[in-house]
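Each chain, written out:
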Amino acid sequence: MAELEQGSVSSQEKGYAADAMTNFNNKEYNACLSALEMLEVLRPSDVKVAHNKIVAQCRAVESSQLPLAEVVKQLEGLAKTAGINLGCGSVGKEDEVEWPLLVYNLAVAKFQQKQYIQAAQLSTKLEHSDKTGPALKKKVYFLNVELSLALRQPEDAIKYTKLLQALIGQNEEDASRLMMLKARSQVLTRQIKALKKELKSVSLPGSHGITCEFVRSNIEYQCKNYRKSIKMLNSGAQVAGNKVFPHYYNNLGCIHQNMKKPNLAVYYFKNALEKLEVGGGNAVGGGGGGVGEASGANHQRVGGGGGGVSEEKDIGTINGIPQAQVMYNISISLLHAKRPHIAFELLLEVVSNYYLDPHVWFHLAECCIQHLQEQRESELGHGEVGGGQARKLVASNPHHNNNNNIGGTMPALTFDFAYVCLKNAESLLPKSENVDSNGFCSSIGCVGNPLTWTEVDHLRLAILTAKAYVALSLGDFILAGNYAATLLELQNLPGGYSMLGHLYCAESLIIQDRLTEAIKHLDPENITDISTSFTDSNTTTTTSSAAANQQQSAANTLAGGHASISDCRSVVQLNLAVGFALREEWEKASSLARPLCRVDGGHNLGVRALILNLYIALRRGDVRTAHLLLLERYPSLKHGQNSGPSF
């Protein structure tokens with residue numbers, strides 16, 4: 001602990017101070033706290049005594065610990081009493097920090113409150129202060145690395161690890177810790193090839209070994225070796241126990257989501273959320289304040305960015321994953337599990353924390369699209385009712401109900417609100433590539449890892465495609481056609497987006513009575529690729545998964561399954577048949593629509609194909625063909641053949 005200044009210090013005060021120092025070094029924090037309380041009676045206005053008392057309270061047994069919010073409040077009060085400038089202005093030589101330990105502890109406490117920007121401002125003051133000694137500067141650099149990782153700024157983290165390299169000396173503990181910080185930084189920058197080889201033969205003791213297993217699991221996850229990733233996660237969890245359960249279950253959820261098991265992913269994400277709720281909202285266990293430096297005590301590492309597991313030597317818990325991030329993960333899995341209404345409610349809570357992330361707004365819009373698409377498909381149903389000669393075929397048209405009385409400004413599962421969300425997402429995307437050297441979405445207001453420019457373009461495509469679909473659903477056909485035309489003008493457009501662009505453009509032109517132009521967009525033979533990813537992209541992102549979902553819903557493909565090239569050709573062929581029917585070219589329309597009624601395996605497309613074939617046959621006056629079409633698709637109608645089919 002810090003020694004009292006000599007001069008006006010009585011022998012009794014020196015005795016209390018010596019007892020407090022001895023007890024603190026022996027980790028007898030309750031006895032240390034008792035000595036400091038007696039010393040505080042003699043020196044009630046001494047900032048150092050008050051500061052050391054706060055630190056001892058943080059290290060004492062749970063019954064004597066201060067809540068983290070109270071720790072921050074008291075430290076800020078002490079800083080004000082000591083005349084420390086806690087502002088965020090530029091730091092210069094004229095703004096030296098007179099109380100570096102106090103400022104450092106306040107920075108650590110702010111970090112544990114997840115107030116990373118304020119913690120970084122305080123830490124920067126210490127970094128540039130001549131009053132910060134070599135030992136404390138090393139701790140400051142370690143804190144700066146954790147802050148950079150928490151703020152999704154891996155380039156800054158790597159810069160501080162280089163500065164630390166010259167300060168750690170032969171200390172094996174610091175060397176192991178530095179290696180893990182470098183590894184976590186490289187995971188964020190996706191420099192995983194060299195890192196994988198480096199960590200393959202590494203064996204680290206204690207908590208650093210646990211962190212190493214989680215980092216290696218993250219690497220295998222990015223390489224799509226999901227079984228290996230699960231194996232390494234299990235290995236780390238067996239050693240660490242319940243301290244890493246939130247990270248463990250969250251990572252398992254991410255793995256199973258990418259293994260196309262969304263319901264199982266939801267189960268693991270819910271487990272992670274339950275573990276976080278049991279452990280409390282703070283980063284420190286038991287509600288205790290986690291001040292990292294107590295006048296000479298060892299700094300506690302509390303960061304957990306980049307897939308690593310944090311370490312707290314004296315408090316014994318880990319820095320929790322933000323609940324909003326786990327809720328976001330649950331929402332994505334619920335979308336893939338076709339449960340958009342639940343995902344929507346969760347994303348509304350997430351967007352209050354991550355309002356700067358375009359992904360969250362895009363997925364809110366996707367919830368609206370998926371929910372209304374399922375609603376429309378259920379309304380356009382078909383089936384049989386009755387029995388015997390009273391058996392009937394029932395087919396209904398969709399009821400267009402966009403909840404126009406709600407408006408787009410109120411959160412609801414409507415196309416109006418979806419359009420507002422898409423506009424928000426688009427406005428948050430960068431306009432040029434060199435906006436941020438750390439990658440886009442690298443700020444604290446974003447939920448995911450920093451994006452490359454290729455991934456930003458991918459998200460921009462998904463948003464533009466969704467805007468065209470929503471505009472069509474809202475009846476704004478000219479605007480939808482403009483969006484689709486803009487989409488088709490882009491270079492190197494993936495096949496899936498190209499197909500959707502042609503479909504939306506054709507529908508817009510058909511409604512504008514420009515049938516000749518529309519038919520040019522509806523050639524099934526042009527569909528040879530329906531991928532939604534760029535050929536030069538070597539990573540799998542949430543954005544590409546969302547775009548795949550959007551493709552399935554917007555193209556009206558088989559419900560509950562993945563689209564194939566034959567499915568997509570059938571959709572285009574059906575739309576082409578509609579175009580010829582509108583031009584009253586019945587022979588062409590019939591030749592295109594009739595095969596779809598025979599070979600279709602999906603009930604949604606089959607209803608549309610059947611109704612179109614019936615319409616064509618009846619318009620041509622061919623009642624017998626209409627009758628045969630019904631018998632062909634619904635053999636049960638043969639029971640009422642003598643009395644004819646009933647509609």
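Each remark here, short or long, concerns the structure printed above.
Quick look at the structure, then. (Residues numbered from 1 in each chain as written. Predicted model: local features only at pLDDT ≥ 70, side-chain atom pairs only at ≥ 80, totals over all residues. Heavy atoms only, no water.)

1. Things to note about the overall build of the protein chain
Looking only at helices and strands, the protein chain has 27 helices and two strands in total. Of all 647 residues assigned to the protein chain, the portion counted as buried reaches 52%. Across the protein chain, every contact between residues at least 6 apart in sequence was considered, and the portion connecting residues at least 24 apart equals 65%. Summing over all exposed atoms, the protein chain offers an accessible surface of approximately 29100 Å²; the carbon and sulfur share of this is 50%. (Helix = DSSP H or I, 4+ residues; strand = E, 2+ residues; numbered from the N terminus. Buried < 20%, exposed > 50% of the residue type's maximum accessible area, 1.4 Å probe, protein only. Contact = heavy atoms within 4.5 Å. Areas by Shrake-Rupley, 256 points an atom, 1.4 Å probe, with all protein chains shown as cover.)

2. A word on helix α10 (residues 192-200)
The set of residues buried in α10 consists of I192, L195 and L199. Down the axis of α10, the smallest arc covering the buried residues is 60°, so these residues share one side. Exposed residues lying more than 90 degrees from the buried face of α10 are K193, A194, K197 and K200. On the buried face of α10, the contacting elements are α9 (172-189) and α11 (206-222). (Arc of directions from axis to C-beta.)

3. Regarding the packing of helix α19 (residues 453-473) against helix α21 (residues 495-511)
Direction vectors running N to C along α19 and α21 enclose 25°, while the axes themselves pass 10 Å from each other. By the angle between their directions, the pair α19 and α21 is classed as roughly parallel. As for how α19 packs across α21, the hand of that crossing is left-handed. Within the contact between the two elements, α19 uses H458, L461, A462, T465, A468, Y469 and L472 and α21 uses Y497, L500, Y504, E507 and S508. (Axes fitted to C-alpha atoms, helices over the stretch in contact; angles between N-to-C directions. Parallel < 35°, antiparallel > 145°, perpendicular 65-115°, else oblique. Left-handed = near helix turned anticlockwise from the far one by under 90°.)

4. Focus on the environment of L574
Along the chain, L574 falls in helix α24 (residues 565-582). By relative accessible area, which is 8% here, L574 ends up buried. For the pair L574 and L522, spaced 52 residues apart in sequence, the C-alpha to C-alpha distance is 9.1 Å. When near neighbours in sequence (up to four residues on either side) are disregarded, L574 contacts L596, L605, R608, A609 and L612.

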